[in-house]
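Observations on the three-dimensional arrangement
Chain by chain, the residues run as shown.
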Amino acid sequence: FDVLVKMKEPCFIKAVLDRYMSYGKTREFGAESIAAYVEAFPEVSEPYLIDLIESNVDEGLEGPYEDVVIMLTEIGKEHKTEEIYQTLRHAFRFMTNKIYSVICLADYGDDRAVAMFKNYINRNQKTIDRALFYEMMSAIQHLGGDISDIQDPFGDFQKKQGKK
């Protein structure tokens, strides 16, 4: 894919993404080289990435979809749009492993995600996974949000505050 990037040739992006999405699992080295190609041409890649994410919710977004969300985030960091933000929100709702989308939304850098994360934590106090909770807390802080008003379902913050 390096050759295609150096030749400034985005004509294979849709074909590459279609083929990539046909795999149930992906290897990191493959994902990285495809991501480098896709991210090199944001104006061509963005609509394909958005369509892939928004049109595949029935199975849950996992496997190569996780990589596609990461690719869109990387493009969005340099080319922020409302459509990218809304697609990342969509990914959060439908991803099987929500940690990926939490990290992506934090990296994207739109502080509107703070309210979404806080609402999710509040609605899922009894069922939220510990790792997801802490990733959300970190994302909220990264985006400039206040975490003092969030109830910790695991009691870890109260334990730390009690030791001071």
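In the block above lies the structure referred to throughout.
Described below are features of the structure shown in this document. Just so we're clear, the structure is a prediction, and the values are computed from it rather than from any experiment. (Residues numbered from 1 in each chain as written. Predicted model: local features only at pLDDT ≥ 70, side-chain atom pairs only at ≥ 80, totals over all residues. Heavy atoms only, no water.)

Right, let's get into the overall build of the chain. Check the secondary structure of the chain and you find 10 helices and 0 strands. Going from N to C terminus, the chain has its helices and strands arranged as α-α-α-α-α-α-α-α-α-α. With 164 residues in all, the chain has 44% of them scored as buried. (Helix = DSSP H or I, 4+ residues; strand = E, 2+ residues; numbered from the N terminus. Buried < 20%, exposed > 50% of the residue type's maximum accessible area, 1.4 Å probe, protein only.)

Our focus in this paragraph is the nonpolar core. Counting residues in hydrophobic clusters, the biggest one holds 49 residues, and the most contacted among them are Leu49, Met71, Phe92, Leu105, Phe117, Ile121 and Met136. Elements with a minimum of two residues in this core: α2 (13-21), α3 (28-39), α4 (42-54), α5 (64-78), α6 (82-94), α7 (98-108), α8 (113-123) and α9 (130-142). For Phe92, the residues in contact, after removing those within four places along its chain, are Lys98, Ser101, Val102, Leu105, Met116, Phe117, Tyr120 and Met136. (Core = buried A, V, L, I, M, F, W, Y, C linked by side-chain atoms within 4.5 Å. Contact = heavy atoms within 4.5 Å.)

With that settled, consider the environment of Tyr65. Note on placement: Tyr65 falls in helix α5. Take Tyr65: its relative accessible area is 13%, and that puts it in the buried class. When sequence neighbours within four positions are dropped, the list of residues in contact with Tyr65 reads Met21, Leu52 and Asn56.

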